[in-house]
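Analysis of the macromolecular model
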Amino acid sequence: MPNYEHVFICRQDLTSVQAETLAEEFKGTLMDNGGKVIESEYWGLRSIAYRMNKNRKGHYFMFKSESNSTAVAEMERLMNINEDIMRFLTIKVKEHAKGNSIMMNSKAKEDEERG
């Protein structure tokens with residue numbers, strides 16, 4: 001099965017628990033349609049470079065998955081419908097990188113510097 005990376009941004013006025021619940025729903029959609037989520041990351045509430053839908057921040061998530069195109073299309077359709085999702089991007093990759101993403105590594109580095 002093809003490998004995909006999915007990144008999406010939720011509205012800032014959601015609590016982190018609500019945003020995590022929303023991410024779990026999309027994971028379930030992938031799994032229900034024959035896909036497999038290999039890894040998921042919550043990058044936190046981060047600033048956005050420009051205003052989107054009157055929001056300056058958003059909850060960022062990333063999934064690494066192995067799924068067929070039908071599962072990905074269904075998840076993207078549901079993200080398009082959901083008003084809590086501001087933007088999403090799905091990329092087909094040859095293979096997944098091992099370990100954490102660059103965003104998680106930079107977040108850990110920032111936490112170390114703060115003490």
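Our subject in this report is the structure included herewith. (Residues numbered from 1 in each chain as written. Predicted model: local features only at pLDDT ≥ 70, side-chain atom pairs only at ≥ 80, totals over all residues. Heavy atoms only, no water.)

Description of the nonpolar core
- In terms of nonpolar packing, the biggest core is built from 15 residues, with Phe8, Cys10, Leu22, Phe26, Phe61, Met79 and Ile85 touching the most fellow members.
- Counting only elements with at least two residues in this core, the list comes to strand E1 (3-11), helix H1 (16-32), strand E3 (55-66) and helix H2 (69-81).
- With five residues, H1 is the single largest residue contributor to this core.
- Look past the residues within four positions of Met79 in its chain and what remains in contact with it is Phe8, Phe26, Ile85 and Phe88.
- Membership of the second largest hydrophobic core comes to seven residues, among which are Ile9, Trp43, Met52 and Met62. (Core = buried A, V, L, I, M, F, W, Y, C linked by side-chain atoms within 4.5 Å. Buried < 20%, exposed > 50% of the residue type's maximum accessible area, 1.4 Å probe, protein only. Helix = DSSP H or I, 4+ residues; strand = E, 2+ residues; numbered from the N terminus. Contact = heavy atoms within 4.5 Å.)

Details of H2
- Here H2 is 13 residues long and its end C-alpha atoms lie 18 Å apart, about the 18 Å a rise of 1.5 Å per residue gives.
- By the burial criterion, the buried members of H2 are Ala71, Val72, Met75 and Met79. Burial along H2 is one-sided: seen end-on, the buried residues are contained in an arc of 100 degrees. For H2, the exposed residues lying more than 90 degrees away from the buried face are Ser69, Thr70, Asn80 and Ile81.
- The inward-facing, buried residues of H2 contact E1, H1 and strand E4 (85-93). (Expected span 1.5 Å × (residues − 1). Arc of directions from axis to C-beta.)

Section: the pattern of salt bridges
- If you walk through the whole model with that rule in mind, you get six salt bridges.
- The closest approach of N and O atoms between Arg11 and Asp13, which form a salt bridge, is 3.0 Å.
- On the accessibility criterion, Arg11 (24% relative accessible area) is partly exposed.
- The partner of Lys27 in a salt bridge is Glu24, and the shortest N-O contact between them spans 3.1 Å. With Lys27 and Glu24 both in helix H1 and three residues apart, this pair spans about one turn of that helix.
- Through salt bridges that share partners, Arg11, Asp13 and Asp84 make up one connected network. (Salt bridge = Lys/Arg side-chain N within 4 Å of Asp/Glu carboxyl O.)

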